[in-house]
Structure formats: C-alpha cells, structure tokens
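# Report on the structure
Spelled out, the chains give:
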Amino acid sequence: MKTFLGPLLALGLLTTTFTQAQSTDDLKPFQTKTFSGINAVQARTSGGSLTVEGGSGNETKVEMYVRPNNWNGRETLSQDEIQKRLEDYEISIRQEGKTVIATARRKNDRSDWKRALSIGFKFYTPRNTTADLETSGGSLRLAHLTGNQKLETSGGSIRLDDVRGTVNGETSGGSIQITNCHDQITLETSGGSIEATDSDGTLRLETSGGSIRLNGLKGNIVAQTSGGSVQGNNIDGELKTGTSGGSVRLRNIAGSVETSTSAGSIELEMTRVDKYVRVDGSVGSVRVKLPMNKGLDLDIRGSKVVSGELRNFDGQADKDRIKGRVNGGGARVEISASMGSVYLNQQ
C-alpha cells in the first residue's frame, strides 16, 4: 500500500497522472488520478461517500474529496491544515491488473476525533465496470453501469441510476433509491425508506423501519418493510410486498400479487390477474378491485364481506365469507381480514 504524508507524495506511476486542486470546496477534487485498461474498481473509506459513474470513454478517472468529518470549519479549513490532518491517514489509489483500488483509513482509531476527515472517492469509468464499495459513514451511488456490483455502508444512503447486472447492497441507516435499473437487484436497509422507479428484472428490496414506494416496475418483485407503509403503482409481473406496521396501497397492478399488513388497511386494484392474488389483513379494512371477465377461484373471509355483483358465480356468498368460482374458475384469489371488513369491487 502506498502512503501519503505531509504534502502528499507524487502518485504518478507509468499509466497514471496526478493533479492537485487548490480549493478545498466539496465541489472540487482534492486530487485526481487517471488510469487505462480498467474494468473494475474497489474502494474502502471510513467516513466519506463513494460514487461510480460509467460513460463511453476508455479511461478511468478517480477523484478524491476531503472535508472535516463533522463539517465544523468546512469553509475555513486551509490546504495546509488538510495536509497536516492527512498525516493521520493511510491513503492509496493504485492499479492492480485491470482493477483500480482506492482506500483511506486512519492509522490510529483512537486519534483525536476533532481532526477526523471525511475522505470520499468518485470514479468515472467505462460503462462495463464492476464495483466493490464499502464506507462506514457515507453514501453510495452508481450510475450508468453494467456488471456485478457490491455495496455496503453503515450510515449512508444507496442510490442506483441506470444500472444493469447483479447488484447486492446493504446500509444500516440510510435510504435506498433506484431508477431505471435492470436485471437482478438486491438491496437492504435497517432504518431507511425505499423508492424504486421505472425498473425491471428480479428486485429484492427490504427495510426494517421505513416506507416503500414502487412505481413503473416489471418483473419479479419482493419489497418488504417492518415498520412503514407501502405504495405501489403501475406494476406488471409477480409482486410480493407487505408491512408489519403500516398501510398498503397498490394501484394499476397486473400479474400476481401477495401482500399483507398486521396493523393497517389494504387497498389493491388489479388490471389483470395471472396466477394468484393473496391478501392478508388484520385489524384494518381490505378493499380489493379485480377484473371479473376471466375465471377466478374466490376464497374471501373477514368480520364482514361485501362484494359487488358476482356474475357467472358458482358457490356460497355469506356476510363473512365468499367461496366459489367465477366464469368457471381459474386464478386463485385468497383474501382475509381477521378483525376487519373486506370489500370486493366496491367504491
């Protein structure tokens, strides 16, 4: 590992170039290196954010950003003071084979926290690049990439924009946002919200304490939360979603759905039913709107069950249970509300 001390020793080696910015403003990099022949990046930092953005070029540029970790004195910290504080760190930006590796860590974790720095990296790469990123306190962002990606942060958000391939990511305290992503995405947060928009493929999204918003998705989707609400719109495929502590609102859904809540109400509007519909409520009401022009096997129960007109229906319809076939039977529809009312095709 190369170590940077004092005024930061020259970084250039054969395939690299080095420049140092004169400003400590976050919008300007403290230093920059450029590499060629790269198809992967790795980054480890204890307090900063990490970004990888793909493009059409062949070179890979790495920018390093430095600021006070607690933001105190952000506007007045001099270049000399930054260089003095960087003496407490081991920093390396290097190429190994076809991989660029950037790391920043304190030499002694017991050093004065008031001298701590937030050191982040931004990578500008070819589109076909894989990333392995880890930070304990910053956000992670990927954009315009194709490949396998691995992400981990203890306190920041995760954001994906125009990413294709297999992505696995985890944050302990931040939100998750994905837009225009494809293929296989698995993301988890322990305390933040999740928003997924205009994406398709196999999506696995989980939060322990935030809300979920889904819009314009297609494919096989699992989205679960333990403490927030769920909202979904314009989804086509197989959707499994639910919450332990909030409401569920799903509209313009085509395909198959499994959803549940332990404490809130559920509203579901289907435009097409493929294989199944499973809705499990508890103390709240359940309202479901289904297209009734194809065969369905209905099994609906609640403290009270109210339905619109059931045409071509063969079975029993009581005040707390509907069980039978519509149009000769077909996709299975199971709806229950153990302590609430169920409304089928009712305004």
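Residues numbered from 1 in each chain as written. Predicted model: local features only at pLDDT ≥ 70, side-chain atom pairs only at ≥ 80, totals over all residues. Heavy atoms only, no water.

Glancing now at the nonpolar core. By size, the foremost hydrophobic cluster in this structure holds 75 residues, and its most contacted members are Ile119, Phe121 and Leu160. Apart from residues lying up to four places away in sequence, leucine 160 is in contact with Leu142, Leu151, Val167, Gln177, Ile178, Thr179, Cys181, Ile185 and Leu187. (Core = buried A, V, L, I, M, F, W, Y, C linked by side-chain atoms within 4.5 Å. Buried < 20%, exposed > 50% of the residue type's maximum accessible area, 1.4 Å probe, protein only. Contact = heavy atoms within 4.5 Å.)

With that settled, the discussion passes to the pairing of strand β23 (residues 321-326). Here six bridges tie strand β21 (residues 296-307) to β23, and the two strands are oriented antiparallel to one another. Each residue of the ladder has a partner; that of leucine 298, found in β23, is glycine 324. Alignment of strand β22 (residues 313-317) against β23, held across five bridges, turns out to be antiparallel. Counterpart to phenylalanine 313 in the pairing with β23 is valine 326. Two successive antiparallel strands, β22 and β23, enclose a turn made up of three residues. (Pairing = 2+ DSSP bridges. Helix = DSSP H or I, 4+ residues; strand = E, 2+ residues; numbered from the N terminus.)

Our focus in this paragraph is unusual backbone geometry. Positive phi, normally seen in glycine, also occurs at aspartate 162, with a value near 60°. Among the structural elements, aspartate 162 can be located in strand β12 (residues 158-171).

Before going further, it helps to examine the side chain of serine 118. In this fold, serine 118 is placed in strand β8 (residues 117-126). A polar contact of 3.2 Å, which involves the side chain of serine 118, links it to the backbone oxygen of glycine 47. If near-sequence neighbours (up to four positions away) are discounted, serine 118 is found in contact with Gly47, Gly48, Tyr65, Val66, Arg67, Pro68 and Asn69. (Polar contact = N/O pair within 3.5 Å; in protein donor to acceptor, adjacent residues only side chain to side chain.)

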